[in-house]
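# What the coordinates show
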Amino acid sequence: MPLLESVIGLEVHAQMNTRTKMFCGCSNDAYGAPPNTLICPVCTGHPGTLPVPNREAILKAIRASLALHCTVQEDSHFDRKHYFYPDLPLGFQISQYDFPLARSGTVQYDIIDHSGNSTSAHTCRIHRLHMENDAGKLTHRGSHTLCDFNRAGTPLMEIVTEPDIKSADHAVAFAQELRRILIAANASDADMFKGMMRFDASISLREKGSITLNPRSEIKNLNSFKALEQALMYEEKRLRSLWEKEGGPLHHNITVGWLDDEGKTRLLRDKEEAADYRYFPEPDIPPLHFTRKDIETLAHDLPPPPREQKESLIKMGLTNSEAQQLIDEPELRLRFDALMQHTHDAKRTSGIILTQLQGFLNAAGKNISDAPSIDHLIELISHIDKGTISANAGKKILQNMVKSGRSPSDIIAKEGFEQIADDSALEQIVQNAMCANPQAIESYKKGKEAALGAVVGWVMKESKGKADPKKVNELLKRRIQTKKEAT
Ligand code: ZN
Ligand code: MN
């Protein structure tokens, strides 16, 4: 058995986050909408209707192309791709064939080792990026099939890679980085849960060192990173044992589907010939033309790529995985950036956002979209910084904010989280604490710094969390010091 290597290429469909659909004015926010409520004669293919390209979608596709370091073609056009399917009311998809919007890009992605540190940087070339519209959605119910056209006409970018990927984990790392880039370019929300990004993965094997491309198996319609990884791992193993049995690669291209529940692939089409889509230029839409200057202007307002953004977060003092979490969750990032303006302390801010807020959301079974607003978070931080509440009370209030959606000021006013501002009251509790914990005080005096923690804890408990632990610490130390001096 020769030493074999995998050759993997991906085709990615990503929905663009435009206000309206690709060729009509229907809303592009179809997720969760009642079936067939966001449709019109254009996206349901009525005779006599004409498509009007969505300017916002084209600009977003160009931004994405530039973020992928592609060359945007000065001339491109739309084509009709014909096939018959019930969710495709026109009988053709409006796509781009021989003159796509953009070609020849690259994506750099990191492979993270198990310790959570990034190790090696890798590159996957992008073959092309083109625009097209999505089809509707079919739901099979027994012998009936229901058709929802809300998604019909949604603007898509199809991104095709070169076969540069060598393993399933690299495919996932690449796909995750691609997702970050599309989000950063504000071209797609790429919400995996809502099916906004879908993958077709092609895999073939060859002898290590060879440069031949053998016939491949194409796995269709994978809609999560987990499915992408598992399907590729399964298919690689299957192709290896086939090679072992038959002494070589597949004889011809095949198409398979991934059965998520069973964890295996199933043959869909054997001995595939190039499908005849009878492509021809879409006669109802004029060709697209962009000058170099148009393209440069768009390139100008692209934000820094996510890998660079991650680097600057690391430079601020965050770990690789903290920085990555913020890049991957734009809603957390927005809150982090806003709080940073107030705290100027990356560690403290990430503690509040990534440890506390995220932890409370998870515990409450809530999504980031239900998280407290930026204003409420800033209000909370201000209360802590002014000393109205302790950092510890702040944590409890944040938990309450996540659960109830109330403002921190409201919670503080109604539930009495204010710190004991009266010094003499605090002095009294501290004195009681010293009397109640003579042993801890003794061992502190003998040099055991940590022993003081128990006494502070006693005060916190006694004051129901309303004492400021930092202040208690200072008071304790001062008192022990004066006592020492007195004796
Ligand atoms: Zn429409
Ligand atoms: Mn496509």
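As shown above, the structure is provided for reference.
Residues numbered from 1 in each chain as written. Chains lettered and ligands numbered in written order. Predicted model: local features only at pLDDT ≥ 70, side-chain atom pairs only at ≥ 80, totals over all residues. Heavy atoms only, no water.

### Observations regarding the overall build of the chain
Under the convention used in this document: Each helix corresponds to a stretch of at least 4 residues labelled H or I by DSSP, and each strand to a stretch of at least 2 residues labelled E; elements are numbered beginning at the N terminus. Radius of gyration here is computed from C-alpha atoms only, and the compact-globule reference equals 2.2 Å multiplied by the residue count raised to the power 0.38. Relative accessible area decides the class of each residue, using a 1.4 Å probe on protein chains only: under 20% of the type maximum gives buried, over 50% gives exposed, and in between gives partly exposed. By the convention used here, residues are in contact when the closest approach between their heavy atoms is within 4.5 Å. Only the protein chains shown count as cover for residues, with accessible areas throughout obtained via the Shrake-Rupley method and a probe of 1.4 Å. Only four residue types enter the tally: Lys and Arg on the positive side, Asp and Glu on the negative side; His and the chain ends are excluded. Here the site of a charge means atom NZ of a Lys, CZ of an Arg, CG of an Asp or CD of a Glu.
When helices and strands are tallied, the chain shows 15 helices and 16 strands. For 487 residues, the compact-globule estimate of 2.2 N^0.38 gives 23 Å, and the C-alpha radius of gyration of the chain, at 30 Å, exceeds that figure by more than 25%. Its C-alpha atoms give the chain principal-axis dimensions of about 100 × 60 × 55 Å. Within the span of the chain, comprising 487 residues, buried residues form 45% of the whole. Excluding contacts between residues fewer than 6 apart, the proportion of contacts in the chain whose partners are at least 24 apart in sequence is 67%. When the accessible area of the chain is evaluated, it comes to approximately 25100 Å², of which 51% is carbon and sulfur surface. Across the chain, the mean location of the 61 positive side-chain charges is 6 Å away from that of the 65 negative side-chain charges.

### Quick look at the packing of aromatic side chains
Any pair of aromatic rings gets described here by the distance separating the centres and the angle formed by the planes. Our working definition: Two rings from Phe, Tyr or Trp (for Trp, the six-membered ring) form a pair when their centres are within 6.5 Å of each other. A pair whose planes differ by under 30 degrees is stacked, one over 60 is edge-to-face, and the rest are tilted.
Within this structure, the stated rule accounts for seven aromatic pairs. Ring geometry for Tyr109 against Phe174: centres 6.2 Å apart, planes inclined by 80 degrees, an arrangement best described as edge-to-face. Of this pair, Tyr109 sits in strand 6 (residues 102–112) while Phe174 sits in helix 2 (residues 168–184), placing them 65 residues apart in sequence. With respect to class, Tyr109 is no different from Phe174; both count as buried.

### A few points about the coordination of the manganese ion (ligand 2)
Rule in force here: Note that water is not among the atoms considered, so a metal site may appear incomplete; the donors listed are N, O and S atoms within 2.8 Å of the metal, with 3.2 Å applied to Na, K and Ca.
Within the protein, the manganese ion (ligand 2) binds to His13 (NE2), Glu132 (OE) and Glu158 (OE); these donor distances fall in the range 2.1 to 2.2 Å. Within one chain, the residues donating to the manganese ion (ligand 2) are spaced in sequence as H-x118-E-x25-E. Taken as a pair, His13 in strand 1 (residues 4–15) and Glu158 in strand 10 (residues 155–161) lie far apart in primary sequence, 145 residues in all. Taking the relative accessible area as the measure of exposure, Glu158 reaches 8% and is therefore buried.

### Quick word on the packing of helix 12 (residues 423–436) against helix 14 (residues 452–462)
The following threshold applies: Note on geometry: axes are lines fitted to C-alpha atoms, helical ones only across the stretch in contact, with angles between N-to-C directions running from 0 to 180 degrees. By the definition adopted for this analysis, an angle is roughly parallel if under 35 degrees, roughly antiparallel if over 145, roughly perpendicular if from 65 to 115, and oblique otherwise. Each crossing is labelled by how the near helix is turned from the far one, with a counterclockwise turn of less than a right angle marking it left-handed and a clockwise turn marking it right-handed.
Packing of helix 12 against helix 14 brings their axes to within 9 Å, and their N-to-C directions diverge by 130 degrees. Viewed along their axes, helix 12 and helix 14 adopt a mutual orientation that is oblique. In the crossing of helix 12 with helix 14, the sense of the turn from one axis to the other is right-handed. Facing Ile429, Val430, Asn432, Ala433 and Ala436 of helix 12, the residues of helix 14 in contact are Val455, Trp458, Val459 and Glu462.

### Let's talk about the coordination of the zinc ion (ligand 1)
Note the threshold: Tetrahedral means four donors with every angle between 85 and 135 degrees, whereas square planar (four donors) and octahedral (six donors) require angles over 155 degrees between opposite donors and between 65 and 115 for all others; sites fitting neither are termed irregular.
Only Cys24 (SG), Cys26 (SG), Cys40 (SG) and Cys43 (SG) from the protein coordinate the zinc ion (ligand 1), and they sit 2.3 to 2.4 Å from it. Each of the four donor atoms around the zinc ion (ligand 1) contributes to a set of angles spanning 100 to 114 degrees, which defines the coordination as tetrahedral. Expressed as a motif, the donor residue spacing for the zinc ion (ligand 1) is C-x1-C-x13-C-x2-C. With Cys24 in the loop between strand 1 and helix 1 (55–67) and Cys43 in the loop between strand 1 and helix 1, this residue pair connects regions lying 19 residues apart in the sequence. With respect to burial, Cys24 and Cys43 carry one shared label: buried.

### Notes on helix 9 (residues 374–386)
Heads up, the condition is: The span one expects for a helix is its residue count, reduced by one, times 1.5 Å.
Its 13 residues give helix 9 an end-to-end C-alpha distance of 18 Å, which sits within 8% of 18 Å, the value for a rise of 1.5 Å per residue. If you check which residues of helix 9 are buried, you get Leu377, Ile378, Leu380, Ile381, His383 and Ile384. Structurally, helix 9 contributes buried residues whose contacts are with helix 7 (330–343), helix 8 (346–363), helix 10 (391–404) and helix 11 (408–415). Where helix 9 ends, the next residue or the one after it, Gly387, has phi of about 90 degrees, a positive value.

### Some remarks on the sheet that holds strand 15 (residues 280–281)
This is how it is decided: Whether two strands pair comes down to DSSP finding at least two bridges between them.
Taken together, three strands build an open sheet; the order of strands is 5-4-15 and the sheet is antiparallel. Pairing within the sheet leaves two strands with one partner each, and these edge strands are strand 5 (92–95) and strand 15. Note that strand 4 (residues 79–82) and strand 5 share four bridges and pair antiparallel. Paired with Asp79 across the strands is Ser95, a residue of strand 5.

### Observations regarding the pattern of salt bridges
Here is the rule: Salt bridges are defined as contacts in which a side-chain nitrogen from Lys or Arg sits within 4 Å of a carboxyl oxygen from Asp or Glu.
Scanning all chains against the criterion turns up 26 salt bridges. In this structure, Arg348 and Asp385 form a salt bridge, with 3.0 Å as the shortest nitrogen-oxygen distance. Of this pair, Arg348 sits in helix 8 while Asp385 is found in helix 9, placing the two residues 37 residues apart along the sequence. Taking relative accessible area as the criterion, Arg348 reaches 28% and is therefore assigned partly exposed. The salt bridge involving Lys414 is made with Asp410; its shortest N-O contact spans 2.7 Å. Here the residue Lys414 and the residue Asp410 both occupy positions in helix 11, the gap between them amounting to four residues, near one helical turn.

### Quick notes on the state of the cysteines
Heads up, the rule is: Put simply, a disulfide is two cysteine sulfurs that come within 2.5 Å.
One pass over the full model with this rule turns up zero disulfides. The thiol sulfur of Cys70 is not disulfide-bonded, and the nearest other cysteine sulfur, from Cys124, lies at 11 Å. The class of Cys70 is buried, set by a relative accessible area of 7%.

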